[in-house]
Amino acid sequence: MSRLIYGIDFGTSNSVIEVYDSATGKVVSEDGLEKSIESAIFFPYGDRERYFLGKQAIHQYVASGMQGRLIKSIKSALPEPSLGTLSIYGKKVKIELLVSYFLSHLKATCDAHFEEDVKQVVLGRPSVFSPDTAKDALAVKRLTAAAKLAGFEEVRILREPIAAAIHYEQALQSPKTVFVGDLGGGTSDFCIMQLRPDAGATTDRQEDIIATSGIKVGGDDFDAEIMWHKLVPYFGLDAEYESFGKWLPVPIHIFKTICSWEKLSLLRSVDMQQSLKKFHFYSNEKEKLARLLTLINKNLGFAIIKEVEKAKIGLGGAEEQFISYAKENITIETLLMREETPEILEKQVRNIETSVEKLLKENGLSPADIDVVFLTGGSSLVHPVAALFDRIFGAEKIQGGNAFKSIAHGLAASASYLFSAPAVSYTDG
């Protein structure tokens, strides 16, 4: 058996691998090793046998003029029974196989570097894939199957906020009651855990875990909401069209759909295209609806939402960012200000707040009972989210780690115990 065990955080937006060395009892530090990949896969137009992963997938998709099949946020499909397969140019491909491509890539990269064929892996999972227990179990089953397809023979599953807590614990000097928030691209997951510097990850931590929870709110939702408030007006949100002497609003579901670029294909059906052309012809906002038609038919949604995402991230270090886009007949130049994001993201942030407060209340805790709040995940850097935790717990309690690697590090650090314990444990639920 290999001396190495991998910890893999397969994320909605990014996937990361870390390596545990059983000979030294430590997570390996290899600065020259590429251990992360964007969770995107691209199949060139008409070619279902060839694919690109990560940044290369994005590059090839953009270079092709948005032709072909780009798939992102695959993780969010894992609990959905109706998404067992995706059609790639007429061929049905199992979701497990698509996930395995990312796990295989990360495994092959590390295997080649360490010259070992590693067969053991600890995989992260959200606290809640779905509130439906059957769907939640389905997601775990599919994730495990993907790991087997990638060449792993032994698989353990650990909830991601627990992994983040174990990562943070390694820096502690004294025992603490810690609230962990893992805020990613698709979900926001929470864990309350008793941490102590002498515990390590080599013992059963069941009694230290006070509670876990999570909701399906993440960075993708933030991007869609910013798109709705700042960009959708460019495409005729308030447009009306004349029908038998009456002025009617263009159906709002069309504008909701363009906020999720992966759903744009729904607006390219024959019936919908006929409706869109009718709305445009009889509209009082022909220029805006012409932009809408271009956005849909030229498949520009992904390129535009990437500009939204870039501006959102940029607000982490600035008071304002421009969202700029110019192609075909679409020219967008709008200012996104940090001070307006709490209003824009009010619904999503309120849902996170409700989830946090519920977790505390259900376990008989108040914010005063929490010693430290450890936040990780890319969405933890979004201003209204960070401000929410400051307000609930107090800014002096907030600690942050590597927003993208702390979970994978904690998964790897947990490997020793998880592979000395029975396969069925608290990590599987």
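These notes cover the structure that comes with them. (Residues numbered from 1 in each chain as written. Predicted model: local features only at pLDDT ≥ 70, side-chain atom pairs only at ≥ 80, totals over all residues. Heavy atoms only, no water.)

### A few points about unusual backbone geometry
Turning to step 1, where the next piece is worked out: Of note, the phi angle at Ser73 is positive, near 55°, even though the residue is not glycine.
Turning to step 2, where the next piece is worked out: Since its relative accessible area comes to 15%, Ser73 is described here as buried. (Buried < 20%, exposed > 50% of the residue type's maximum accessible area, 1.4 Å probe, protein only.)

### So, the environment of Gly401
Turning to step 1, where the next piece is worked out: Assignment of secondary structure puts Gly401 in the loop between β20 (398-400) and α13 (406-413).
Turning to step 2, where the next piece is worked out: The class for Gly401 is partly exposed, based on a relative accessible area of 35%.
Turning to step 3, where the next piece is worked out: Along the primary structure Gly401 and Ala108 are separated by 293 residues, whereas in three dimensions their C-alpha atoms are 27 Å apart. (Helix = DSSP H or I, 4+ residues; strand = E, 2+ residues; numbered from the N terminus.)

### Description of the pattern of salt bridges
Turning to step 1, where the next piece is worked out: If you walk through the whole model with that rule in mind, you get 23 salt bridges.
Turning to step 2, where the next piece is worked out: Among the ionic pairs, Lys107 bridges to Asp117, the shortest N-O distance being 2.6 Å. Of this pair, Lys107 sits in helix α2 (residues 95-114) while Asp117 sits in the loop between α2 and β10 (120-125); the two residues are ten residues apart in sequence, bridging distant segments of the chain.
Turning to step 3, where the next piece is worked out: In this structure, the salt-bridge partner of Glu346 is Arg350, at a minimum N-O distance of 3.6 Å. Of the two residues, Glu346 and Arg350 both sit in helix α11 (residues 346-362), four residues apart, roughly one turn of that helix.
Turning to step 4, where the next piece is worked out: Each of Lys107, Asp111, Asp117 and Lys119 takes part in salt bridges that share partners, so that together they form one network. (Salt bridge = Lys/Arg side-chain N within 4 Å of Asp/Glu carboxyl O.)

The analysis is restricted to geometry; functional conclusions fall outside its scope.
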